[in-house]
Structure formats: C-alpha cells, structure tokens
Amino acid sequence: PFHVQVGDFVPAGSIALDGRLLVEVTASADASTLERIGSMTMESIRSRPKLKMWLDGFGEVYSKLVLVAALALMMLGPLVLGWRYLPHNGVPGSVNRSLGLMVAAAPCSLSVTPLAYIAAISALARRGVILRSSRVLDALLSCDTIAFDKTGTLTTGALKLDSVKQWGSGGLDRNGAGQAEAVAIAGAVEQYAVHPIAQALVTYAREAKGLPKVEVDTFSSEPGQGLVAQVVVNNRSREVKIGRVEFVLRDLEPEQARAAELEVEEMKKKATAMAVMTVDGEVTLFCFQDQVRPQAQDVIHALKSYFSKVTMLTGDRKVNADSVAKEVGIHEIYAELTPEAKLEYVQKAVGNNGNQGRKQTNGLAMVGEGMNDAPALAASTVGIVLADRASAASMVAGDVILLGDAVETLPLLLSKARQTRRVVSQGVLFALFFIFAASIPAVMGTIPLWLTVVIHEGGTLAVCLNALRTLKNPAERTQTIVARRRIQEAHRTPALASGAASA
C-alpha cells in the first residue's frame, strides 16, 4: 500500500483501501499500465518458441517407412533372394515374411511411450501441480535458469511486524520500554480496520503473549488519514492517534515531530511499510516486512541442483529485495524492475527477442503470480504461476499452475521431469528391442506369424508398464525436509521480545 496526496500520480486500477479519492484522468485507457501489460503478455504468448517432442509426427513417417519396406520385401524377395510368394514345403513365402515385418515393426510400442507423460501429469495433479501440456516437462529440462518474483512468490505477500521504536519528549528510547503496551493499544484500536498494516498489527497483538488488556472507549476515523481513539489501559485513560505520519505528528511539539520524521525517513530505507502512533504524546513507530515463506529457503537450496542460475526479478526496492534474497539464499538480484524490464530480461535469457523464427539458445523458468509478472511469464520457456493470489493475466500466461501457492512442490516438478525423460528413453529402447527381436526372425522366416504377434504385443505391454512408473513421485526426500521445516515454523509463537530486540 502507498499513500497519495493532492497532485500525486495514481495508477489506473488502483484500489482505495481507506477514504475517498477524486482523480483526474490524464490519459486514455489504451495508455494505462494495465493495458500495456495485457498487450505485452499476448505478444509474448504469440512469439513464444513452439516446444516439440521428437516423438511428435514420428509415428506417421515411421509407419509409411514400414509399409514401403514390407511391400519391397514382398516384391523383391522372389526376384533377388529366390523366395516363393506363398509358403512351400514349410518354408514361408515372401507374403508371409512381409506380413511378419509389418506386424513386428508396427510402431505400437513406440506410440505408447508418451503414456509416461500422462502418468506424470496425473501424479503431479494429485500434488496440486497442474500442467497445461506434457511438453512442459521436456521444456523444464532445457532451462538452465530459474527466476523468481519476490512479493507473493518468495514471500507470502502479507505484512509482519518486524520492529517497534518508541520515544517521548526526551528523545528516542532505544531500549523499547513500554512496547508491550503500545502493541496492545495498536491491536485494540485497529481490530476493525481492513488495511493490510492494520491486519498485521492485529494479528501480532493476538498471537503475542504478556500484553496488557486494553478497552476502547471512543473511536473515530479520519478517511485517508488514520484513527483517533480513547482507550483504557491499566485503569488509565489514554488518547491515541494512529495512521499516516503527517496526521499523527502534526499535534506534537516541533522538535519532537522533527526527530520522529528523521527516524521515519531512516526506517523507510529498510521497512516494507510503517505505521506511526502517539499515545498521550509518546510516539511509537511500527515497522513491517513482507513475510518470507517458511519453506522458501529449502526450495531454493533444492533447485540449485537443477539450475545453474537462480535469480530474483522484482519491482520492489533493492533494500527489501536484498533482505529477502539473503534469507532464502539467492545471490543474483534485479530490483526496482518495471514489467517491461522484467520482460526484456527474460527475452534476453531465452534468446528470444520476439521474432518467431529466432532460435532459442537457453531456457528460463519464471515463477510469479502478479499482474506485473504476466509478460515475463508468457515470454519464458516455462511460466510457473502460484494460483491463490494470481492475476487473470498470469493464469493465462502460465504453463504450470501451483495450487495453494505450494512453492515446495517445485523440486518435485523438476525431479518428475527428469524421471519422465528417463522413463521415456527407456521405453523407446524397450520398443526398439522388441521391434528388432520380432522383425529379424520374421523376415528370416524362423518364427511363425502368431509368435511375431505375441512378441510385438508383449513389447507394447512392457512399454506401458514401464511408463506407469512415473505415477510414483521421486522427490520424497525433498518433500520430507520441507514438511519438517513447516512443522517447526508452525510451533514458533511470536513473542514481543523479538520485536524489542529488533528495535
């Protein structure tokens, strides 16, 4: 969330969380950021290189080759090798041999090899990973880079109280005295507000321990500014103001207000969001950070075994991006990016400048969910979308949909892609083995036609059974590690002491 004043620019599509805005339209809808993002997304989808599996179209060409070879064997066998057309004295004729070749070399076993993709898609769907196409699994293995958006992807997108600072007329209180009372008052006053900062304060106050009881006597809201309330704490009546800096500090002594403003400016460089509160002239500054997903660090560590490069692409400030990247283990960060800049980075990474005929030299998987991510998701080799908070444009652009924002399933997705490629390769080898094992004896006339059929169908069944191995998920170890970390995080109860230590 951000605050606007008279004369400030308000992007199209903005939502007023509090108060009422009167805005002047300065450009047509075609020039809006939303329209430009939509246009870039559709253009990226149209120019994305087409992914092809080598088995596509192979069956048709191969069948024609087998048919030509069988006809040639039937016609040329008597002329070149002296065979009879029909069986004679127990010796198969060229007609029998050509029929045996057609049966033995039929591409049935090769055609069922992609069953492994269907089984893999089914197994992933049971874990909440939805693929738009089986080609995505092959495309993932061509990627050497994976890029993450920050807000809502590596982080939950929900604010969390990070630190509390207080000072009175005597200046800044670095020891954080009275923070428990301040948090309790803020939580009580903000309990009916819907603003993300208010929600974060209320959540922290409810989960923290040892807070004094606060009763709200009177309450009034200044639209777009903040709240004014009269509360009772420890049998004392206190006057409270909380909200925007200008609104809260305007009634303070000039010297105290200047000191508070300097501290606010300093904390703006570090905090994702802030709230200011005064209680009978004593100032409290609440600093918030976007909360990193508890499983993000384990996921990033696991993905480094699949990709040579893991990067972060975010429109957020560099200081916030660096903080999150350090926590999760990402060393290459690109911050303060516009949607156009994200798209440009992805296009350069995949060797695709928007020209349909240009060869793709590298692969990049993009993970995101926001409207700003849609063009980059569409231009990437594989776009991976977190479904819970995803915009409509991102859902259209994505190749992989992670239900429930389950970032921890990414290692499973990659290991499943490797497993599927391995099983498909084995299936092709099995199919070729059975084709040659039946074709050579059939042409030589050493086995009857019925036995050729048995060997051929047996090969097809063997390939099918091998393909079904992809129903089993290979990444159980990674899943166990992530699950253990989530259990540990669930047992951690917020304590006010941590906020005091941060302050």
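The coordinates are above.
Since this is a predicted model, take the numbers as computed values, not measurements.

**Some thoughts on the side chain of Thr145**
Phase 1: With respect to the helices and strands, the residue Thr145 is situated in strand 2 (residues 143-148).
Phase 2: Its relative accessible area of 7% is what places Thr145 among the buried residues.
Phase 3: A polar contact of 3.2 Å, which involves the side chain of Thr145, links it to the side chain of Asp144.
Phase 4: Sequence-distant contacts of Thr145, that is, excluding residues within four places in its chain, are made with Phe307, Lys309, Thr311, Gly363, Leu364 and Ala365.

**Quick look at the sheet that holds strand 12 (residues 363-368)**
Phase 1: The seven strands are arranged 1-14-13-12-2-10-11 in an open sheet whose pairing can be described as mixed. Of all the strands in the sheet, the pair left with one neighbour each is strand 1 (129-131) and strand 11 (332-334). Ignoring strand direction, the axes of neighbouring strands in this sheet form an average angle of 20°.
Phase 2: For strand 13 (residues 382-386) and strand 14 (residues 400-402), the ladder comprises three bridges, and the chain directions are parallel. Counterpart to Ile384 in the pairing with strand 14 is Val400.

**So, the pairing of strand 13**
Phase 1: Where burial is concerned, most of strand 13 is hidden: five out of the five residues are buried.
Phase 2: Crossover connection from strand 12 via helix 15 (residues 374-379) to parallel strand 13: handedness right-handed.
Phase 3: Regarding the hand of the β-α-β motif, the stretch spanning strand 13, helix 16 (residues 392-397) and strand 14 is right-handed.

**Details of the packing of aromatic side chains**
Phase 1: Summed over the entire model, instances satisfying the criterion amount to two aromatic pairs.
Phase 2: Aromatic side chains Tyr334 and Tyr345 sit 4.8 Å apart centroid to centroid with 50° between the ring planes, which places their arrangement in the tilted category. Of this pair, Tyr334 sits in strand 11 while Tyr345 sits in helix 14 (residues 339-350), and the two are eleven residues apart along the sequence.
Phase 3: For Tyr345, a relative accessible area of 17% corresponds to the buried category.
Phase 4: Pairing Phe433 with Phe434 gives two aromatic rings, centres 5.4 Å apart and planes at 80°, and the pair type is edge-to-face.
Phase 5: Under the relative-accessibility criterion, Phe434 is labelled partly exposed at 22%.

**Let's talk about unusual backbone geometry**
Negative phi characterises most residues that are not glycine, and trans characterises most peptide bonds.
Phase 1: Of note in this structure, Asn234 is not a glycine but carries a positive phi near 50°.
Phase 2: Counting through the fold element by element, Asn234 comes out in the loop between strand 6 (226-233) and strand 7 (236-243).
Phase 3: Taking the relative accessible area as the measure of exposure, Asn234 reaches 52% and is therefore exposed.
Phase 4: Even without being a glycine, Glu336 presents a positive backbone phi close to 55°.
Phase 5: As for its placement among the helices and strands, Glu336 is situated in the loop between strand 11 and helix 14.
Phase 6: The class for Glu336 is exposed, based on a relative accessible area of 53%.

**Concerning the pattern of salt bridges**
Phase 1: Tallied over the full model, the rule gives eleven salt bridges.
Phase 2: Among the ionic pairs, Asp316 bridges to Lys150, the shortest N-O distance being 2.9 Å. Here Asp316 is found in the loop between strand 10 (309-313) and helix 13 (318-328), whereas its partner Lys150 is found in helix 7 (residues 150-154), with 166 residues between them in sequence. Here Asp316 matches Lys150 in class, with each residue buried.
Phase 3: Here Arg238 makes a salt bridge to Asp280, at a shortest N to O gap of 2.7 Å. On the criterion of sequence distance, the pair formed by Arg238 in strand 7 and Asp280 in the loop between strand 8 (273-279) and strand 9 (282-292) is long-range, its members being 42 residues apart.
Phase 4: Arg238 sits in the buried class, given a relative accessible area of 6%.

Cut-off values and rules
- Residues numbered from 1 in each chain as written.
- Predicted model: local features only at pLDDT ≥ 70, side-chain atom pairs only at ≥ 80, totals over all residues.
- Heavy atoms only, no water.
- Helix = DSSP H or I, 4+ residues; strand = E, 2+ residues; numbered from the N terminus.
- Buried < 20%, exposed > 50% of the residue type's maximum accessible area, 1.4 Å probe, protein only.
- Polar contact = N/O pair within 3.5 Å; in protein donor to acceptor, adjacent residues only side chain to side chain.
- Contact = heavy atoms within 4.5 Å.
- Pairing = 2+ DSSP bridges.
- Axes fitted to C-alpha atoms, helices over the stretch in contact; angles between N-to-C directions.
- Right-handed = clockwise from strand over helix to strand, strands pointing away.
- Phe/Tyr/Trp six-rings, centres within 6.5 Å; stacked < 30°, edge-to-face > 60°.
- Salt bridge = Lys/Arg side-chain N within 4 Å of Asp/Glu carboxyl O.

Just geometry here; none of it tells us what the structure is for.
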